[in-house]
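Structural description and commentary
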Amino acid sequence: MGENVGTTRKNIVIGVGGGIAAYKVGSVVRHFTEAGHHVRVIPTESALKFVGAATFEALSGNPVSTEVFADVPRVPHVRLGQEADLVLIAPATADLMARAASGRADDLLTSTLLTARCPVLFVPAMHTEMWEHPATQANVSTLREHGATVMTPASGRLTGVDTGAGRLPDPQEISLLGELLLDRPDALPYDLAGVKFLISAGGTREPLDPVRYLGNRSSGKQGYALARAAAQRGAQVTMVAGATSNLPDPAGVEIIRIATAAQLADEIGKRAPETDVVIMAAAVADFRPVQVSDAKIKKSDSGPAPIELTTNPDILAGLVAARRSGSVPRSTAIVGFAAETGDLQHGVLDHGRAKLARKGCDLLVVNAVGEGKAFGMDHNTGWILAAGGEETALPLGSKTLMATRILDAINAVRTDGVGAEGRCP
Ligand code: CTP
């Protein structure tokens, strides 16, 4: 799934509950073994009715057992949990979460959960009714109070003909969150419950004719990472997404697809008045062709016709103006991004500082681009510049890790009211 930055070998326990989604967990096991980690799979008895032990043994390269009375001299029910750097449970069924929340230790997996002192990530998958039942929701709250991260499930097609919340998130999303917790165990506090986020991501495409457009190299990964992390910290997230590389949908996020800067401006403009935090991570085309041809533009003997361009609205600056005029609430935090290359006179940070002042947003995340940096990569580095003058360096890390640091900075703006124009939350 991308370049590894100095992976050290960690002990990962992957617990598998008895649900049909167990068949998807093989790719999560594979992700962690391929990243060089030591993986032990602990299924429940009922998980083995869906996927055989041989599959998990082959994928992890380690023996698989469900019960505490196997291999007794090595005390696996205590040792596996104590030695783990991450315990990831997928699918976390309603029954398994109920047993974990009440501290049962009636099989190897629940015993391991009681002895683990590392980050624990539950990935629920079940029918919508079971997920929404007050008993399940109470168990989810208990597990969160005990310090575990419980992923918000995806919505979509379930096992039968029904659709709704309760689907297992894309295995890539699960692996990314597992990696995040290995990097930073406290990365996903449930601290944004009820906060409304509006996040733009990806690149816009400005059509020239039915087959051609002016576009850019944005992969959308940073915007998706922000949506992923915010949703898992409890936020209500709407993401307006332009063109991206082939990315899975982050779980629990409402996604609106757009193509052009004008469509993006329209969607952001409609939603910003109802939003607590707006993050403009999209790479917006500054210009669009004046004329869009209905038919494919043909070659002509006189050579190519010049393309006349006109300027697109600056959505970020427009949001700041709308907040000043009162059509966007004064309490709404506004965050921009700047991808800069620097030049001989001015470094990347100088350009970032000038852009922050020009745009008037609360925070500006600055990345250096060019020479294989930022665009399309899984890891990134940069700075967060705040309107109050603070500057925070973002060390090299995954885009999801960077997203959590950006969310921390947004929390500081919202609670301290240190944003642009001395806003108060
Ligand atoms: N942005 C926007 N609307 C535009 C252009 C940019 O909202 N028409 C937002 C981007 O989403 C980003 C920030 O403004 O959050 C900075 O984008 P960038 O392209 O770096 O800014 P520009 O003002 O276009 O500056 P430059 O001249 O460096 O391209």
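See the structure shown above.
What comes next is a walk through the structure. Keep in mind that what you see is a predicted model, and the values were worked out from it rather than measured.

Around the ligand, the surrounding shell holds 13 residues, and the nearest of these are Met280, Ala282, Leu316, Lys355 and Lys359. Met280 places a polar main-chain atom, nitrogen or oxygen, 2.7 Å from an oxygen atom of the ligand. Within the side chain of Asp286, one N or O atom sits 2.9 Å away from an oxygen atom of the ligand. Of all the secondary structure elements, the ones that give two or more residues to the shell around the ligand are helix H11 (315-325), strand E16 (333-340) and helix H12 (348-359). The biggest single contributor to the shell around the ligand is H12, with 3 residues.

With that settled, the discussion passes to the nonpolar core. If you look at the biggest cluster of nonpolar residues, it comprises 35 residues, and the most contacted ones within it are Phe197, Leu226, Val237, Ile279 and Ile410. When contributions to this core are tallied by element, the ones reaching two or more residues are strand E8 (196-201), helix H9 (221-232), strand E11 (236-241), strand E13 (277-280), E16, strand E17 (363-368), strand E18 (379-386) and helix H13 (399-416). Listed in part, the 33 residues of the second largest apolar core include Leu88, Ala90, Leu180 and Ala251.

With 5 of its 5 residues buried, strand E4 (residues 120-124) lies for the most part within the structure. Sheet analysis places strand E3 (residues 86-92) next to E4, joined by 4 bridges and oriented parallel. Counted as the bridge partner of Ala92 is Pro124 from E4. Direction of pairing for E4 relative to strand E5 (residues 149-150): parallel, over a ladder of 2 bridges. Within E5, the residue paired with Leu121 across the bridge is Thr149.

Right, let's get into the sheet that holds E17. Here we have 8 strands laid out as an open sheet, ordered E12-E11-E8-E13-E16-E17-E18-E19, and mixed in their pairing. Whereas interior strands pair on both sides, the edge strands pair on one side only; in this sheet they are strand E12 (253-257) and strand E19 (391-398). Going across the sheet, the axis of each strand differs from the next one's by a mean of 20 degrees, ignoring polarity. Looking at chain direction, E13 and E16 are connected through 4 bridges and run parallel. Following the sheet pairing, Val277 is matched in E16 by Ala333. Lying over the sheet, H12 contacts E16, E17, E18 and E19, oriented at roughly 155 degrees with respect to E17.

Calculation notes
- Residues numbered from 1 in each chain as written.
- Predicted model: local features only at pLDDT ≥ 70, side-chain atom pairs only at ≥ 80, totals over all residues.
- Heavy atoms only, no water.
- Near = heavy atom within 4 Å.
- Polar contact = N/O pair within 3.5 Å; in protein donor to acceptor, adjacent residues only side chain to side chain.
- Helix = DSSP H or I, 4+ residues; strand = E, 2+ residues; numbered from the N terminus.
- Core = buried A, V, L, I, M, F, W, Y, C linked by side-chain atoms within 4.5 Å.
- Buried < 20%, exposed > 50% of the residue type's maximum accessible area, 1.4 Å probe, protein only.
- Pairing = 2+ DSSP bridges.
- Axes fitted to C-alpha atoms, helices over the stretch in contact; angles between N-to-C directions.
- Contact = heavy atoms within 4.5 Å.

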